[in-house]
Amino acid sequence: MSMNTKTAHTAEHAFIGSLQKILNKTLSVRKVEHSDSYNIAFIRASGVELDFEKIVSAEKEVNRLILEGRKILYHSFSSLNEAKKVFPSLRANETRLENAGTITVVEIENHDLSACSMEHVNNLSECTFFLVTNMSMNESDYEIRFMVGKNAMDEAVKITEKINSICNQVGANYNTVEATIKKLHYEREQYYNRLKKLTNKMLVDIPDWNFDKQNINVITAILDDMDWRIIQNFAGEKILEERTIVILINMVDNDTANLVFARSTDVNLDCVKIFEDLRNDENIGNGGGKPNFVNAKIVRSRSDKVVEALINKSLESISP
């Protein structure tokens with residue numbers, strides 16, 4: 001086992017021990033993965049409530065124990081039951097160890113006890129520095145990524161650089177960046193809510209074009225930088241109505257626009273084929289979807305011609 005793996009695995013023992021004290025609960029570590037660049041501990045989530053505040057508290061204690069240079073002690077027992085008689089709070093993967101022979105209990109001095117057959121360092125000071133980089137849920141496990149030693153120190157420097165970069169971008173300093181980001185988030189939500197209201201209003205105000213000859217209602221408009229998700233939802237709701245075709249374009253920037261081209265189930269029309277035929281004839285952009293619903297990115301300057309062509313080709317296809 002490499003020295004990096006030994007230090008990472010020993011630090012993981014210290015970290016789990018700290019989490020157990022914070023949670024006042026014995027944790028079940030399903031597995032631990034080690035690599036040259038990162039390490040992952042998978043903790044059973046059943047009955048456990050973890051947040052990053054608790055993770056940080058445990059992280060701080062591990063680094064305090066590293067500075068103290070807590071010793072690593074080893075105890076051997078003939079069985080897991082014998083080990084538990086001496087150390088009732090012992091953490092162990094019982095399923096994996098119940099039929100094992102000699103059981104080795106790894107003790108971090110006055111901190112953690114775990115049955116483990118892997119190699120460890122002799123003193124926590126050899127771990128140098130411990131850093132948690134991410135916590136996420138993976139099915140029924142908490143997946144906690146961490147680094148140890150020089151890798152952790154290098155990563156901490158990168159994080160500091162990234163924080164400074166964020167501060168510069170949002171016009172804040174280290175002490176005010178959290179408040180500034182919260183304010184920006186609040187303002188974004190306010191502007192987004194206004195955009196949604198404006199988008200809904202503009203969509204509701206779009207008139208229906210009725211083509212009596214084909215008995216078809218066409219709902220079409222060219223919008224400028226509205227909320228695309230709401231536009232798509234609107235199109236999906238409209239094609240629930242009978243004999244309806246929806247052709248909506250939303251300008252995105254100076255060069256491109258988004259297109260939704262859809263029809264109700266009672267209209268015998270292949271939207272994908274019509275769009276592809278138009279795309280092959282003229283360089284309008286790319287897209288695809290289902291026979292009743294197409295999403296595409298098109299050339300902004302061709303928007304008017306695309307709407308006109310899709311209406312004409314659709315009406316031709318369903319002419320009586």
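Look a little higher up for the structure.
Thresholds applied
Residues numbered from 1 in each chain as written. Predicted model: local features only at pLDDT ≥ 70, side-chain atom pairs only at ≥ 80, totals over all residues. Heavy atoms only, no water. Helix = DSSP H or I, 4+ residues; strand = E, 2+ residues; numbered from the N terminus. Buried < 20%, exposed > 50% of the residue type's maximum accessible area, 1.4 Å probe, protein only. Contact = heavy atoms within 4.5 Å. Areas by Shrake-Rupley, 256 points an atom, 1.4 Å probe, with all protein chains shown as cover. Core = buried A, V, L, I, M, F, W, Y, C linked by side-chain atoms within 4.5 Å. Axes fitted to C-alpha atoms, helices over the stretch in contact; angles between N-to-C directions. Parallel < 35°, antiparallel > 145°, perpendicular 65-115°, else oblique. Left-handed = near helix turned anticlockwise from the far one by under 90°. Nonpolar A, V, L, I, M, F, W, Y, C, P; charged D, E, K, R; others polar. Pairing = 2+ DSSP bridges. Patch = residues over 30% accessible without salt bridge, like charges linked within 9 Å, V, L, I, M, F, W, Y side chains within 5 Å. Salt bridge = Lys/Arg side-chain N within 4 Å of Asp/Glu carboxyl O. Lys, Arg positive; Asp, Glu negative; His and termini not counted. Charge placed at Lys NZ, Arg CZ, Asp CG, Glu CD. Phe/Tyr/Trp six-rings, centres within 6.5 Å; stacked < 30°, edge-to-face > 60°.

Undergrad: So, the overall build of the protein chain: which residues are in play, and what are the values?
TA: If you tally the helices and strands in the protein chain, you get nine helices and 13 strands. Its C-alpha atoms give the protein chain principal-axis dimensions of roughly 90 × 50 × 35 Å. Within the protein chain, the proportion of its 320 residues that are buried is 41%. In the protein chain, once contacts between residues fewer than 6 apart in sequence are set aside, the share between residues at least 24 apart is 62%. Of the roughly 18,200 Å² that the protein chain leaves accessible, carbon and sulfur atoms contribute 47%.

Undergrad: Help me get a handle on the nonpolar core, residues and values and all.
TA: Membership of the largest hydrophobic core comes to 31 residues, with the highest contact counts inside it found for Phe15, Leu19, Leu124, Phe130 and Ile144. If you list the elements that add at least two residues to this core, you get α1 (3–23), β2 (39–44), α2 (52–68), β4 (103–108), β6 (130–138) and β7 (141–148). The biggest single contributor to this core is α1, with six residues. In contact with Ile144, other than residues within four places in its own chain, are Phe15, Leu19, Asn39, Ile40, Ala41, Ile43, Leu50, Ile55, Val132, Asn134 and Met135. Core analysis: the second largest hydrophobic core is formed by 27 residues, Ala257, Ile274, Val294 and Leu310 among them.

Undergrad: I'd like a rundown of the packing of α1 against α2, residues and numbers included.
TA: When two helices pack together, their arrangement is given by the angle between their axes and by how far apart the axes lie. Contact geometry of α1 with α2 gives a least axis separation of 8 Å together with a crossing angle of 130°. Here α1 is positioned oblique relative to α2, judged by the angle of their axes. Considering how the two elements wind past one another, α1 and α2 form a crossing that is right-handed. Two secondary-structure elements touch here, α1 through Ala11, Ala14, Phe15, Ser18, Leu19, Lys21, Ile22 and Leu23 and α2 through Lys54, Ile55, Ser57, Ala58, Glu59, Glu61, Val62 and Leu65. Among the residues making up the contact of α1 with α2, the classes are represented as ten nonpolar, two polar and four charged.

Undergrad: Break down the sheet that holds strand β9 (residues 216–224) for me, with residues and values.
TA: The mixed open sheet is built from six strands, whose spatial order is β8-β9-β10-β11-β13-β12. In this open sheet, the two edge strands, each paired with only one partner strand, are β8 (208–211) and β12 (285–290). For this sheet, the mean angle separating the axes of adjacent strands, direction not counted, is 15°. Bridge count for β12 against strand β13 (residues 293–299) is six bridges, and the pairing is antiparallel. Its bridge partner being in β13, Gly287 is matched across the sheet by Ala296. Contacts from helix α9 (residues 303–317) reach β8, β9, β10 (244–251), β11 (256–263) and β13 within the one sheet, and its direction differs from that of β10 by about 170°.

Undergrad: Can you lay out a negative patch on the surface for me, pointing to particular residues and giving the numbers?
TA: A contiguous patch of negative charge, built from Asp224, Asp225, Asp253 and Asp255, is present on the exposed surface. Within the element layout of this structure, Asp253 appears in the loop between β10 and β11. According to the relative accessible area criterion, Asp253 is partly exposed, its value standing at 35%.

Undergrad: Tell me about unusual backbone geometry, residues and numbers included.
TA: Positioned with a positive phi, Asn24 is a non-glycine residue whose angle comes to about 55°. Within the secondary structure, Asn24 sits in the loop between α1 and β1 (29–34). When its relative accessible area of 71% is taken as the criterion, Asn24 is described as exposed. With phi around 60°, Asp225 is a residue other than glycine that occupies positive phi space. Along the chain, Asp225 turns up in the loop between β9 and α7 (228–238).

Undergrad: Mind laying out the packing of aromatic side chains, listing which residues take part and the relevant values?
TA: Taken as a whole and assessed by the stated rule, the structure comprises four aromatic pairs. Centroid distance Phe15 to Phe130: 5.2 Å. Interplanar angle 35°. Geometry classified as tilted. One end of the pair, Phe15, is in helix α1; the other, Phe130, is in strand β6, and 115 residues separate them in sequence. Judged on exposure class, the residue Phe15 and its partner Phe130 are both buried. Residues Phe77 and Phe87 carry aromatic rings whose centres are separated by 5.9 Å and whose planes lie at 90° to one another, so their mutual orientation is edge-to-face. Taken together, the residues Phe77 in strand β3 (residues 72–77) and Phe87 in the loop between α3 (80–86) and α4 (94–97) connect sequence positions ten residues apart. By relative accessible area, which is 16% here, Phe77 ends up buried.

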